[in-house]
Amino acid sequence: MIAPVSFVLSCPNCGVREVTDFEFGGEVIPRPRERPQKRELAAYNYFRRNVAGVQHEWWYHRAGCRTWFLADRDTRTNQVLGTRLPEEAE
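Described below are features of the structure shown in this document. Since we're looking at a predicted model, the values are computed, not measured. (Residues numbered from 1 in each chain as written. Predicted model: local features only at pLDDT ≥ 70, side-chain atom pairs only at ≥ 80, totals over all residues. Heavy atoms only, no water.)

### Quick notes on the side chain of E57
Logical step 1: By secondary structure assignment, the location of E57 is in strand 4 (residues 54-60).
Logical step 2: At 2.8 Å, the side chain of E57 and the side chain of Q55 are in polar contact.
Logical step 3: Here the side chain of E57 touches W59 through a polar contact of 2.9 Å, side chain to side chain.
Logical step 4: Ignoring sequence-local partners within four residues, the contact set of E57 consists of F24, G26, E27, V28, F69, L70, A71, R73 and T75. (Helix = DSSP H or I, 4+ residues; strand = E, 2+ residues; numbered from the N terminus. Polar contact = N/O pair within 3.5 Å; in protein donor to acceptor, adjacent residues only side chain to side chain. Contact = heavy atoms within 4.5 Å.)

As structure tokens, then:
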């Protein structure tokens, strides 16, 4: 039997919490231009890189401050390398 996956995230406002306090928002990808073609919009909505390694992701602290933030997480180990608010991003 496979054990459920669990890890902790550090909310930039609230600190370290169990991952169950958060909602995964997907990997960070560039938004399409103002009026994208259907193909470009479909790619934005449905296709992801889904890397085996460090991935830049959106997370929402639904059981806390209700803030969206960014996290760098290794998808192979679920180790979170860092979190930050969007305005603190590069």
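Next comes the rest of the write-up.
### A few points about the environment of W58
Logical step 1: As for its position among the elements, W58 is in strand 4.
Logical step 2: The class for W58 is partly exposed, based on a relative accessible area of 29%.
Logical step 3: Separated by 15 residues in sequence, W58 and A43 have C-alpha atoms that sit 18 Å apart.
Logical step 4: Residues within four places of W58 in sequence aside, it is in contact with E23, F24, G25, G26, E27, V28, W68, F69, L70 and P86. (Buried < 20%, exposed > 50% of the residue type's maximum accessible area, 1.4 Å probe, protein only.)

### Here we look at the pairing of strand 5 (residues 68-74)
Logical step 1: Of all the seven residues making up strand 5, six are buried; the element is thus mostly covered by neighbouring parts of the structure.
Logical step 2: Looking at chain direction, strand 5 and strand 6 (residues 80-84) are connected through four bridges and run antiparallel. From the neighbouring strand, D72 faces strand 6, where its bridge partner is G82.
Logical step 3: Linking strand 5 back to strand 6 in an antiparallel pair, the connection comprises five residues, with N78 at a positive phi of about 65°. (Pairing = 2+ DSSP bridges.)

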